[in-house]
Structures are given as structure tokens and as C-alpha cells.
Amino acid sequence: RTIGPVFAAKNLFKSYGGLRATDNLSLQLETGKIHALIGPNGAGKTTALSQLSGELQPDEGQVWFCGQDITRYSMPKRARMGVARSFQITAIFDDFTVAENVAVAVQSRAGHHFSFWRAVGRDKGINHRTNELLDLVGLAAFARRRAADLAHGQKRQLEIAMALALEPKVLLLDEPMAGMGPTESTQLAELLERLKQDFAILLVEHDMNIVFRLADIISVLVNGAVIASGTVEDIRENEDVQKAYLAEG
Ligand code: ATP
């Protein structure tokens, strides 16, 4: 467990033509804490997240992970190092069972070339880790169900299990509650609360109830710039935030 921030963005800038999508953005992620990134539509949340995950290169600034400058590292390289982005790309194989999907992810972490048969039952180590992950995300009872037949919220849980199979230190979550009903988002919130002690989590989320419930730190993005950063109470009481954002919705 690293003391202090495991992950940091320092003075990131990114422009599209004349538009500053990211304007001097800095933020830090610590193990055991959920850092929420909020802001109105078009504020630059997705652009920021993409620079943290490595899908997008900043024009200026750096991204640091465990004391190392990873700014020029690709997304796959960052993922292998322990920076996982979830919910953007659904990598679920519909025709595989829930357990098979997780087993494939576990196998890829183990560094093997893909072998369906190794992944699905012939390797005790992979089976053991698969079962642990299914327990952790609350899908043990659905292990043998076809992935395509899961409810929307359960697919999100499966995606988390698959992201965790890579044994990340940092989880970058892009609107994980999108498209969920209240019961499903409550379940996912409970899962994130259970997980958070072992990870440094960045949560981009529109639902302010979820943000206020889960976040240890909130940064508010407007026009690509962080206009405020602090605890839930700090942000609730911040007048600039109310003017720029909360009043709007
Ligand atoms: P939302 O909450 O609606 O998803 P967001 O906060 O994630 O919005 P971004 O999608 O990061 O915001 O967009 C930030 C700004 O950058 C917007 O004005 C958007 O139009 C612009 N933008 C994003 N990607 C590109 C691109 N590839 N080319 C040009 N402009 C872009």
C-alpha cells in the first residue's frame, strides 16, 4: 500500500482548435479514497479521464503513477501497470458464462496466450481467483449464467470483476451508474464502498446523490478547469460551485 497519492495528474492542458477542453487540470488519487469528478455537460470530464487512462495525450502536463511519469505510456501499458478504466468498453463475451468471462480476464493477467479451455476449468489457480472475484462483486450465484442474459446492473458488476482480474491499483470509472435504476445503482454503490479500501478510485458521475454518498473528495470541472476541490461539505457549501453547476440542475 502506497502512502500518499498513487496517481496524479499535474497541470494537464488539452485543446481542440480554439477550445480548451482541459485547462491546467491537476488532481490526485489515494488508495482507500473515492475522488469524484463532476461538472456540467461538456465540462471536459471524459477528455480528462481519457488523458488519465492513456487513450488521449495531453498537450502539456504529466500523469504520474506510483512515483513514475507515465504521460507517454499507452493505455494498454498503463493497464498492465495497474491503471484500469472501466465502463467505456464492454469487453464481455455474450455467449460465455459469467465465470468464463472472468476466467478469461484472470488468464490474461496471468500472461498466458488465450486458451479458452485453460480459462474455463482446467486450471485450479484461475478457477480459485475467478471464484474469489465473483464472490467479491456479488455474482457467485450467477456464475453459470450466459453473460448475455444478465441484467444491466449485473453486467456492470461483471465488468468490475473483469477489471479487478487485472489486479489494478487505480480504477477510473466513467459514469458507472449510467442507465441503471435506483436498486441497481444502490447495489453498485455498495460494491464500490466495499472495494474502495484497496483501490484509488476516480469516479466520473452525473448522479449527485451517488457522488455525495460515495466521494471522499470532489473536484468540480467547468470549461476544462477545476474550479473547486474538497470534501462533500466543502463542495455543497461552495458558492462558485452552486453558481456554476448545482443551480443548473
Ligand atoms: P458529458 O458530461 O456531456 O459527457 P464531458 O464533461 O465529459 O461531457 P467532454 O466530452 O470531455 O465533456 O468534452 C469537453 C469539450 O471538448 C466539449 O466542448 C466537447 O465538445 C469538446 N471535445 C471533446 N472531444 C473532442 C474532439 N475529439 N474534438 C473536438 N472537440 C472535442
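Above: the structure in question.
Residues numbered from 1 in each chain as written. Predicted model: local features only at pLDDT ≥ 70, side-chain atom pairs only at ≥ 80, totals over all residues. Heavy atoms only, no water.

Some details on the overall build of the protein
Along the protein, the regular secondary structure elements total 10 helices and 10 strands. Scored against the burial criterion, the 249 residues of the protein give a buried share of 48%. Partitioning the contacts of the protein with sequence separation of at least 6, the portion at a separation of at least 24 is 64%. Within the structure as shown, the protein displays about 11,900 Å² of accessible surface, and the carbon and sulfur contribution to it stands at 48%. (Helix = DSSP H or I, 4+ residues; strand = E, 2+ residues; numbered from the N terminus. Buried < 20%, exposed > 50% of the residue type's maximum accessible area, 1.4 Å probe, protein only. Contact = heavy atoms within 4.5 Å. Areas by Shrake-Rupley, 256 points an atom, 1.4 Å probe, with all protein chains shown as cover.)

A short note on the side chain of Arg-85
Of note, Arg-85 is situated in strand S6 (residues 83-86). In terms of polar contacts, Arg-85 uses its side chain to reach the side chain of Ser-53, at 3.3 Å. Looking at Arg-85, its side chain comes within polar contact range of the side chain of Asp-174, at 3.0 Å. (Polar contact = N/O pair within 3.5 Å; in protein donor to acceptor, adjacent residues only side chain to side chain.)

Focus: the packing of helix H5 (residues 124-137) against helix H6 (residues 152-165)
At their nearest, the axes of H5 and H6 sit 9 Å apart, and the two run at 135° to each other. In terms of orientation, H5 and H6 fall into the oblique class. Judged by the twist between their axes, the crossing of H5 over H6 is right-handed. Across the interface between the two elements, Arg-129, Leu-133, Leu-136 and Val-137 of H5 pack against Gln-157, Ile-160, Ala-161, Leu-164 and Ala-165 of H6. The residue makeup of the contact of H5 with H6, split by class, is 7 nonpolar, 1 polar and 1 charged. (Axes fitted to C-alpha atoms, helices over the stretch in contact; angles between N-to-C directions. Parallel < 35°, antiparallel > 145°, perpendicular 65-115°, else oblique. Left-handed = near helix turned anticlockwise from the far one by under 90°. Nonpolar A, V, L, I, M, F, W, Y, C, P; charged D, E, K, R; others polar.)

Considering the sheet that holds strand S4 (residues 60-65)
Each strand in a sheet pairs with another by means of backbone hydrogen bonds, the pair being arranged parallel or else antiparallel. A sheet is described by the order of its strands in space; here 4 strands give the open sequence S2-S1-S4-S5, paired in antiparallel fashion. Strands at the two margins of the open sheet, each flanked by one partner only, are strand S2 (19-30) and strand S5 (68-69). One ladder, built from 9 bridges, connects strand S1 (residues 5-16) with S2; its direction is antiparallel. Paired with Ala-8 across the two strands is Gln-28, which belongs to S2. (Pairing = 2+ DSSP bridges.)

Focus on unusual backbone geometry
One non-glycine residue with positive phi stands out, namely Asn-11, at about 50°. As for its position among the elements, Asn-11 is in strand S1. Exposure remark for Asn-11: the relative accessible area of 40% places this residue in the partly exposed category. Even without glycine at this site, Cys-66 takes up a positive phi of about 45°. Along the polypeptide, Cys-66 turns up in the loop between S4 and S5. Note on Cys-66: relative accessible area 36%, which makes it partly exposed.

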